[in-house]
Amino acid sequence: MASTSQIEAQAALSSTTSPSATTLISVSAPSGSDSAAAIGVVERFHQALAAGDSATALSLLAPNAVILESGNLETLAEYRKHHLPADITFARAVPSTRELVRAVVQGNAAWVTSTSTTRGTYRDRAVDSAGAELMVLTLEPDGWRISAVHWSSKARRPAR
């Protein structure tokens, strides 16, 4: 059970998500802690997208999950039908390096924030973007589930 006090896990990860790579997280929190468990769910979600495993990705989302991306809000059912296939295709095609910024657990809620850099080619277009991610998780009887996802990204400017 999550403690009522705030638990923070500061971690640095450098992971490349591509069809042949897996996401690895190095966490400074104890492996048995609630924050490490919440981070693990986020990691498994990204691994499932990169592997093209929609069943696993969906199993990590709470039934009432909402996904916010590109100015849109989708329920779990809408995400399953509309955006999930595109997210899988993109995650499999374009490598992304993620850095975990912070994980916080308070009671039965957790939020995990990360940033990313995505570079590659998708549908014959060059991709070079910086992203930010916020995932809110709730502790359910069978473990942590993602209740809300917010993704944002912008084109990176070339270094001068």
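Placed above this text is the structure.
Residues numbered from 1 in each chain as written. Predicted model: local features only at pLDDT ≥ 70, side-chain atom pairs only at ≥ 80, totals over all residues. Heavy atoms only, no water.

**Student:** Talk me through unusual backbone geometry; I want residue IDs and the actual numbers.
**Tutor:** It is generally the case that most residues other than glycine have a negative phi and that most peptide bonds are trans. Even without glycine at this site, Ser70 takes up a positive phi of about 55°. Relative to the assigned elements, Ser70 resides in the loop between strand E3 (61-69) and strand E4 (72-75). Ser70 gets classed as exposed once you look at its relative accessible area, which sits at 61%. A positive phi angle, near 50°, is found at Arg123, a position not held by glycine. Residue placement: Arg123 occurs in the loop between strand E6 (109-122) and strand E7 (125-140). (Helix = DSSP H or I, 4+ residues; strand = E, 2+ residues; numbered from the N terminus. Buried < 20%, exposed > 50% of the residue type's maximum accessible area, 1.4 Å probe, protein only.)

**Student:** Account for the pattern of salt bridges, with residues named and values stated.
**Tutor:** Enumeration over the complete set of coordinates arrives at three salt bridges. Across the salt bridge formed by Arg156 and Asp128, the nearest N and O atoms sit 2.7 Å from each other. A residue pair is termed long-range when its members are at least 10 positions apart, and Arg156 in the segment after strand E8 (143-155) and Asp128 in strand E7 qualify at 28 residues. Residue classification places Asp128 among the partly exposed residues on the basis of a relative accessible area of 32%. The partner of Arg145 in a salt bridge is Asp142, with the nearest N and O atoms 3.1 Å apart. Relative accessible area serves as the criterion here: at 15%, Arg145 is assigned to the buried category. Look at the salt bridges and you will find they share partners, linking Arg119, Asp128 and Arg156 into a network. (Salt bridge = Lys/Arg side-chain N within 4 Å of Asp/Glu carboxyl O.)

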